[in-house]
Amino acid sequence: MIWRRKDVVGLADLSVEEITTILDTANSFKEVNQRERKKVPTLRGKTVVNLFYEPSTRTRTSFEIAAKRLSADTVNFSASSSSIGKGETLLDTVRNIEAMHPAIIVVRHPNAGTPHLLARRVKIGVINAGDGAHEHPSQALLDMLMIRDVKGRIDGLTVAIVGDIVHSRVARSNIIGLTRMGAKVRVAGPATLLPAEIERYGVESYYNMDEAIEGADVIMMLRIQLERQRDALFPSKREYARFFGLNNERLARAKPDAIIMHPGPMNRGVEIASEVADSTRSKILDQVSNGVAIRMALLYLLAGPYGDDGEVA
Amino acid sequence: MKTIIRGGRVIDPVRDIDGVRDVIIDDDGRLAGVEPAADSPRDVEVIDATGFLVLPGLIDLHVHLREPGFEQKETIATGARAAVAGGFTAVCCMANTNPVNDHVSVTRLILDRAREANLARVYPLGAVTRGLAGEVLAEMGELRDAGCVGFSDDGRCVMVSSVMRNALVYARTFDVPIAVHAIDETLAGRAVMHEGEHSMRLGLSGVPSAAEDFMVARDCVLARHAGARLHVQHVSTKGAVEIIRVAKGYGVRVTAEGTPHHFTLIDEDVGDYDTYFKMAPPLRSAEDREAVIEGLADGTLDAIATDHAPHESLVKDCEFENAANGIIGLETALPLSWDLVRAGRLSVRRCVELLTSGPARAFDLPYGLTKGAPADITIFDPDARYVFTADRIRSLSRNTPFVGRDMVGEVVRTIVGGRTVFTR
Ligand SMILES: [Zn+2]
Ligand SMILES: [Zn+2]
């Protein structure tokens, strides 16, 4: 297909064809990541700006490595989220960066919709590296690449996503992407952590984790944020682990070849037992490797020689 | 010189007038009468209103004029200019200025500036609590004597029930209404739109309808026991409409208002983080919008009020979560209300009531085409078709999602005290 999109701000905007193109492109970059000299000249002379208003060493490092393997120059710009009145506005900051002519801005921001605002206002490409509780498209794409690698397909699989759905941008992007690609998605968690109208996403929701993972092909565990306990959304880590933690006993309900995923960082012993996290069925570290390939694919499609109007293999 | 407004369809729900009449204004600006059309005597100015509606001057119970303190958003003069362009001859302005209108010096400043502007009548609302802090009552008696017609901490909710109870009981002393921005702030938290499917999709935290329902219920209960007058501002949820309906049935002295944006738009209109659709209370679901319209039609809600909330572009041109709440409304309220008439949801008479006698009764304001009263009149062309463009806006701010919208119905002349203060 011909890639025409300037920005990737969310899975909600991407068609099946576009998602497939990104996954296929990432597959071809995996080979680069196996080489001894892990570098191709594709984006030589181009600059990628990582604009992070929220600390995230993992995602930022993954984008930075991806850019460097494509021979792009990278600049990391961390800022604290400043609201109006406390100095320069977000739009002014970004207009300043744009005036230095980078090829791409990768943005992480605590406010939902910020990448969408920027994408409308600047001419250069914008990649969403996580916006509030809205979307985290590169994470969902790497998860989908992982599933496709192991299972050979996404269509027709049953994926259970367990944990804090309501505050999770990873869950939202995965729900949108996986259902669009034909998977059956179940979500599970305590009622305080599931949005009231979640079924409108075309998913099944469960308060009972055992039912949710019954016969699942993929179990995706989400990180539980311990400050939610202070907000009285669940009573204790202990109770959470008892009802929504993934342990070996529970795992037996899933398909025998079910895989386990987690976007990290994990709370061992809370949402996931150590014996599960370290088992052969756990793909948690492979996800991280796939993250670099996915981010290379996004940078390549948006800024590469074929970025504007060329054909992508 | 006398003036005669000739040939228009005169509607005054209170005096039960609806038909083609002459409206005669004396040379001192008072109404001399509403009479069957007759030949003009000599020495009169004739305003031809053929094909137009001739209405008692519209009254808006809920505007933010931003002066003192936020003159970059609106001043009393620019707000009054927008009011008369929208057909409003009188507006009630909220106390969340800087300094807050919790002291007679602020009330006097507002009234002085309104007198200088000499356009719409401006009736200030005083604060319920000092500094809108929700703790100590403002000096309501003195503020009433200085010209405040009611009290509201609008923008904030008086969260402590005992303080709210005392405010309602104390206000009985002067028989003044307490108007409420009813949102339980502990339930709303820092949420920025209606809690529902669309907030879930956008990843924005939502204000649950329960936050409004609950506070409306609390205040109706408190008003009932206090025997006090309560006015519920900008009703946005189905639950709140139902609670007010029940409360009225119990004889609670409660009045309420609905805004044009809540009866026209819904949460889905926020689209892709469009900050012009961000307000408090937020745009609700289609079901809630329907309930507000039903409430307006059946008398549960007494008034259409705009919650005119001007903001400079800087505080709207940013991330949705950081954007200021509110839209301007004075210049679009009548055509948007007229849409409900055209859709068969409100009768013409009911629509006029909601914009004139309904609000007037809630805050004891003068109204209607009464002989001897100052002639406040709005002349409205119900068939005019146009696109609402930004350059029509007379308000100092332009934060409205209605720019670009096709409108039907246009104010052609506004008369305050017998003097034409606006013509199209
Ligand atoms: Zn309010
Ligand atoms: Zn208001």
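Residues numbered from 1 in each chain as written. Chains lettered and ligands numbered in written order. Predicted model: local features only at pLDDT ≥ 70, side-chain atom pairs only at ≥ 80, totals over all residues. Heavy atoms only, no water.

A. Structural detail: the coordination of the zinc ion (ligand 2). Residues and elements named next belong to chain B. Binding of the zinc ion (ligand 2) to the protein goes through His62 (NE2), His64 (NE2), Asp154 (OD) and Asp307 (OD), at separations of 2.1 to 2.2 Å. The coordination sphere of the zinc ion (ligand 2) comprises 4 donor atoms, whose angles at the metal cover 84 to 170 degrees; the geometry is irregular. Counting the intervening residues between successive donors of the zinc ion (ligand 2) yields the motif H-x1-H-x89-D-x152-D. Between the zinc ion (ligand 2) and the zinc ion (ligand 1), the interatomic distance is 3.4 Å, and aspartate 154 donates to each metal, bridging them. Of this pair, aspartate 154 sits in the loop between strand E9 (150–152) and helix H4 (161–171) while aspartate 307 sits in the loop between strand E15 (303–304) and helix H11 (333–342), and the two are 153 residues apart along the sequence. (Donors = N, O, S within 2.8 Å, 3.2 Å for Na, K, Ca; no water. Tetrahedral: all angles 85-135°; square planar, octahedral: opposite > 155°, others 65-115°. Helix = DSSP H or I, 4+ residues; strand = E, 2+ residues; numbered from the N terminus.)

B. Spatial organisation of the pattern of salt bridges. In total, this model carries 50 salt bridges over all chains according to the counting rule given. Glutamate 116 of chain B serves as the salt-bridge partner of arginine 113 of chain B, at 3.8 Å between the closest nitrogen and oxygen. With a gap of 3 residues between them, arginine 113 of chain B and glutamate 116 of chain B both fall in helix H2 (residues 104–117), about one helical turn apart. Residue glutamate 116 of chain B is classed as exposed on the basis of its relative accessible area of 59%. Beyond isolated ion pairs, a larger network of salt bridges with shared partners links Glu197 and Arg200 of chain A together with Glu197 and Arg201 of chain B. (Salt bridge = Lys/Arg side-chain N within 4 Å of Asp/Glu carboxyl O. Buried < 20%, exposed > 50% of the residue type's maximum accessible area, 1.4 Å probe, protein only.)

C. Representation of unusual backbone geometry. With an omega of -10 degrees, the peptide bond running from glycine 264 of chain A to proline 265 of chain A counts as cis. The peptide bond linking asparagine 98 of chain B to proline 99 of chain B adopts the cis configuration, its omega dihedral lying at 5 degrees. Examined against the element boundaries, proline 99 of chain B turns out to sit in the loop between strand E7 (88–93) and H2. Here aspartate 16 of chain B, not a glycine, exhibits a phi torsion of approximately 60 degrees, which is positive. Topologically, aspartate 16 of chain B is positioned in the loop between strand E1 (2–12) and strand E2 (17–25). The exposed category is assigned to aspartate 16 of chain B, whose relative accessible area is 57%. Phi angles above zero are rare outside glycine, and aspartate 307 of chain B is one such case at about 50 degrees.

D. Local environment of helix H12 (residues 348–355) of chain B. With 7 of 8 residues buried, H12 of chain B is to be regarded as a mostly interior element. Taken as a whole, H12 of chain B has its buried residues at Val348, Arg350, Cys351, Val352, Glu353, Leu354 and Leu355 of chain B.

E. Just empty space enclosed by the protein, in detail. Residues and elements named next belong to chain B. On inspection of all chains with the given rule, the structure shows 5 cavities of 30 Å³ or more. By volume, the largest cavity is sized at about 80 Å³. The class makeup of the residues in the lining of the largest cavity is 5 nonpolar, 1 polar and 5 charged. Empty space within the second largest cavity amounts to approximately 50 Å³. In this structure, the second largest cavity is lined by Val128, Asp153, Asp154, Arg156, Cys157, Val158, Met164, Ala179, Val180, His181 and Asp219. Its residues assigned to classes, the lining of the second largest cavity shows 6 nonpolar, 1 polar and 4 charged. (1 Å grid on protein atoms, 1.4 Å probe; cavity = no way out; pocket = protein on both sides within 12 Å on 5 of 7 lines; lining within 4 Å. Points joined across faces, edges and corners; volume = space filled by probe spheres on them. Nonpolar A, V, L, I, M, F, W, Y, C, P; charged D, E, K, R; others polar.)

F. Broad picture of the pairing of strand E5 (residues 158–162) of chain A. Residues and elements named next belong to chain A. Among the 5 residues that make up E5, 5 are buried, leaving the element largely enclosed by the rest of the structure. What you see with E5 is no split at all: Thr158, Ala160 and Val162 on one side and Val159 and Ile161 on the other are buried throughout. Pairing of E5 with strand E6 (residues 184–188) involves 5 bridges; the strand directions are parallel. In the strand pairing of E6, valine 159 is matched with valine 185. Chirality of the crossover, the property in question, places the unit of E5, helix H6 (residues 169–180) and E6 among those that are right-handed. (Pairing = 2+ DSSP bridges. Right-handed = clockwise from strand over helix to strand, strands pointing away.)

G. Layout of the confidence of the model for chain A. In the predicted model, chain A carries a mean pLDDT of 92, and the fraction of residues at 70 or more is 95%. Note that residues 307–313 of chain A has pLDDT below 50 and, in this model, 17 contacts with residues that lie over four places away or in other chains. (pLDDT = per-residue confidence, 0-100. Contact = heavy atoms within 4.5 Å.)

H. Focus on the sheet that holds E6 of chain A. Residue and element names in this part refer to chain A. As summarised here, the arrangement of the 5 strands in space is E7-E6-E5-E8-E9, forming an open sheet in which the pairing is parallel. Looking at strand neighbours, the two that pair on one side only are strand E7 (204–206) and strand E9 (259–261), the edges of this open sheet. Looking at each pair of strands side by side, their axes are set apart by 20 degrees on average, direction ignored. In this sheet, E9 lies alongside strand E8 (residues 218–221) in parallel orientation, the contact comprising 3 bridges. Paired with isoleucine 219 across the two strands is isoleucine 260, which belongs to E9. (Axes fitted to C-alpha atoms, helices over the stretch in contact; angles between N-to-C directions.)

I. Geometry of the coordination of the zinc ion (ligand 1). Protein-derived ligands of the zinc ion (ligand 1) are Asp154 of chain B (OD), His181 of chain B (ND1) and His234 of chain B (NE2), with the metal-ligand distances lying across 2.0 to 2.1 Å. Each donor residue of the zinc ion (ligand 1) lies on the same chain, and together they follow the pattern D-x26-H-x52-H.

J. View of H4 of chain B. Where H4 of chain B is concerned, the buried positions are Val163, Met164, Ala167, Leu168 and Ala171 of chain B. One side of H4 of chain B holds all its buried residues, which, seen down the axis, span an arc of 135 degrees. (Arc of directions from axis to C-beta.)

K. Region of the structure containing the sheet that holds strand E10 (residues 178–180) of chain B. All names here are of chain B. Spatially, E6-E7-E8-E9-E10-E13-E14-E15 is the arrangement adopted by the 8 strands of the open sheet, whose pairing is parallel. Each edge of the open sheet is held by one strand with a lone partner, namely strand E6 (58–63) and E15. In terms of strand pairing, E9 meets E10 through 2 bridges, oriented parallel. From the neighbouring strand, serine 152 faces E10, where its bridge partner is alanine 179.

L. How the structure looks around the packing of aromatic side chains. Counted by the stated rule, this structure contains 5 aromatic pairs over all chains. Ring centres of phenylalanine 234 of chain A and tyrosine 240 of chain A lie 5.4 Å apart, and the angle between their planes is 55 degrees; this geometry places the pair in the tilted category. You'll find phenylalanine 234 of chain A and tyrosine 240 of chain A in the same group, each marked buried. Ring geometry for tyrosine 170 of chain B versus phenylalanine 174 of chain B: centroids 5.7 Å apart, planes at 65 degrees, classification edge-to-face. The class for tyrosine 170 of chain B is partly exposed, based on a relative accessible area of 34%. With a relative accessible area of 22%, phenylalanine 174 of chain B lands in the partly exposed category. Members of the aromatic cluster, connected to one another through ring pairs, are Phe234, Tyr240 and Phe244 of chain A. Lying across the ring of phenylalanine 63 of chain A, arginine 295 of chain A places its NZ or CZ 5.0 Å from the centre. (Phe/Tyr/Trp six-rings, centres within 6.5 Å; stacked < 30°, edge-to-face > 60°. Lys NZ or Arg CZ within 6 Å of the ring centre and 35° of its normal.)

M. Structural detail: the packing of H11 of chain B against H12 of chain B. Residues and elements named next belong to chain B. Viewed as axis vectors pointing N to C, H11 and H12 meet at an angle of 150 degrees, and their least axial separation amounts to 9 Å. Taken together, the axes of H11 and H12 lie roughly antiparallel to each other. As H11 packs across H12, the resulting crossing turns out to be right-handed. Two secondary-structure elements touch here, H11 through Leu334, Ser337, Trp338 and Val341 and H12 through Val348, Cys351 and Leu355. Along the lines of polarity and charge, the residues of the contact of H11 with H12 split into 6 nonpolar, 1 polar and no charged. (Parallel < 35°, antiparallel > 145°, perpendicular 65-115°, else oblique. Left-handed = near helix turned anticlockwise from the far one by under 90°.)

N. Spotlight on the side chain of serine 62 of chain A. Here serine 62 of chain A lies in helix H2 (residues 57–69). Not counting the four nearest positions on each side in its chain, serine 62 of chain A is found in contact with Gly291, Val292 and Arg295 of chain A.

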